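Working through the structure, step by step
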Amino acid sequence: MKLNGSRVLVAGATGGRGGAITAELADRGASVALAGRDRGRLAHTARTYPSALIAAFDAYGPWSCTRAVHAAAAALQNWAPLSRAGRWPSVHPRSLAPAAFFRAALGILRRGSAVAAVTGVVAERPQPRVADYSACKAALAAWLDAVRREARSAGAAVLEIRPGHLYTRFATRPVAGTAPHRPEGGDPRHVAGAVADALEAAAELLRSGPDHGPIVERRAR
């Protein structure tokens, strides 16, 4: 995927990871569309990207994820349709917002495009006190693996981003209860650069190495 001149929709663009990835992609010449739940924060973020499209969505409503993708596609007129292959349009994982985004996007994107989602190290090493979160991320990793095999023949890449613990505001905003204590995490900006490298290389997996640095793998394990 050539990032310079590409068009990229970033879901969660106002967050720590999403904001860092948005900045990295824009620095590499991509036109970014910003998607998020909080319209005020979206408007604030858009000041940095004056020509960016804004699309609001709610992760608890899969159909709002679909609407955000279609709104971006309508505004970015030269997104070309991707021929439908495999069975991904028939999948209805209602509890997984990234899957809802992908179901909508995979019917729109042209050959040579890519989709990417963050799972995290908890997808392979579930952690105490975040059992539900770990299970959702593991389920998303399995979903990505299945869709990736279907998407290859249509020329679309599917990237799983599996970093270690990062320092973002997400850790201080639990959906319910109290967030578990975690040691200080890594800098999302370091991962953002590796994400851009992985997209340009049509890689399938970005994971943390033994030294906690990002490793790009062309083929997922």
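Residues numbered from 1 in each chain as written. Predicted model: local features only at pLDDT ≥ 70, side-chain atom pairs only at ≥ 80, totals over all residues. Heavy atoms only, no water.

Let us now look at the overall build of the protein. Counting its regular elements, the protein contains 6 helices and 7 strands. Written out in order from the N terminus, the α and β elements of the protein read β-α-β-α-β-α-α-β-α-β-α-β-β. Per-residue burial for the protein yields a buried fraction of 45% across its 221 residues. Residue pairs at least 24 apart in sequence account for 58% of intrachain contacts in the protein once pairs closer than 6 positions are excluded. Accessible surface, the protein: about 11700 Å² in total, of which carbon and sulfur atoms supply 53%. (Helix = DSSP H or I, 4+ residues; strand = E, 2+ residues; numbered from the N terminus. Buried < 20%, exposed > 50% of the residue type's maximum accessible area, 1.4 Å probe, protein only. Contact = heavy atoms within 4.5 Å. Areas by Shrake-Rupley, 256 points an atom, 1.4 Å probe, with all protein chains shown as cover.)

Mapped onto the elements, Arg 219 comes out in the segment after β7 (214-217). You can call Arg 219 partly exposed: its relative accessible area is 48%. Through-space distance from the C-alpha of Arg 219 to that of Ala 202 is 9.1 Å; in sequence the pair is 17 residues apart. Here the side chain of Arg 219 touches Glu 204 through a polar contact of 3.3 Å, side chain to side chain. (Polar contact = N/O pair within 3.5 Å; in protein donor to acceptor, adjacent residues only side chain to side chain.)

Another aspect to go through is the packing of helix α3 (residues 62-75) against helix α4 (residues 97-105). It is at 8 Å that the axes of α3 and α4 come closest, and there the two elements cross at 40°. Taken together, α3 and α4 sit at an angle that is classed as oblique. Handedness of the crossing formed by α3 with α4: right-handed. Here Pro 62, Cys 65, Thr 66, Ala 68, Val 69 and His 70 of α3 lie close against α4, whose contacting residues are Ala 97, Ala 100, Phe 101, Ala 104 and Ala 105. Looking at the contact of α3 with α4 residue by residue, the class counts come to 9 nonpolar, 2 polar and no charged. (Axes fitted to C-alpha atoms, helices over the stretch in contact; angles between N-to-C directions. Parallel < 35°, antiparallel > 145°, perpendicular 65-115°, else oblique. Left-handed = near helix turned anticlockwise from the far one by under 90°. Nonpolar A, V, L, I, M, F, W, Y, C, P; charged D, E, K, R; others polar.)

Backbone-to-backbone hydrogen bonds join strands into a sheet, with any given pair of strands oriented parallel or antiparallel. The strand order across the open sheet formed by 4 strands is β4-β5-β6-β7, and the pairing between neighbours is mixed. Sheet topology places β4 (114-118) and β7 at the edges, where each strand pairs with a single neighbour. When strand polarity is set aside, the average angle formed by the axes of neighbouring strands in this sheet is 20°. Alignment of strand β5 (residues 157-162) against strand β6 (residues 205-208), held across 3 bridges, turns out to be parallel. (Pairing = 2+ DSSP bridges.)

Before going further, it helps to examine the pairing of β7. Pairing of β6 with β7 involves 4 bridges; the strand directions are antiparallel. In the sheet register, Leu 206 faces β7, and the bridge partner there is Val 216. Linkage of β6 to β7, two consecutive antiparallel strands, is achieved through a turn of 5 residues, within which His 212 is found at a positive phi near 70°.

Considering the arrangement of structural elements, one finds Arg 148 in helix α5 (residues 131-152). Side-chain polar atoms of Arg 148 contact the backbone oxygen of Val 158, separated by 3.0 Å. For Arg 148, the residues in contact, after removing those within four places along its chain, are Val 158, Leu 159, Glu 160, Glu 204 and Ala 220.

Scanning the entire structure with this criterion turns up 11 salt bridges. Glu 204 is the partner of Arg 219 in a salt bridge, and the nearest nitrogen-oxygen pair spans 3.3 Å. With a gap of 15 residues between them, Arg 219 in the segment after β7 and Glu 204 in the loop between α6 (188-200) and β6 connect regions that are remote in the sequence. Taking the relative accessible area as the measure of exposure, Glu 204 reaches 4% and is therefore buried. Across the salt bridge formed by Arg 207 and Glu 217, the nearest N and O atoms sit 2.3 Å from each other. (Salt bridge = Lys/Arg side-chain N within 4 Å of Asp/Glu carboxyl O.)

For the protein, the average pLDDT comes to 80, and 79% of its residues sit at 70 or higher. No element of the protein has a lower mean pLDDT than α4, at 83, and none a higher one than helix α2 (residues 39-46), at 94. Predicted confidence is poor over residues 78-95, with pLDDT under 50, and the contacts of this stretch with residues over four places away or in other chains come to 47 contacts. (pLDDT = per-residue confidence, 0-100.)

Relative to the assigned elements, Thr 22 resides in helix α1 (residues 16-27). Leaving out residues up to four positions away in the same chain, Thr 22 has contacts with Val 10, Ala 13, Val 32, Leu 34 and Tyr 49.

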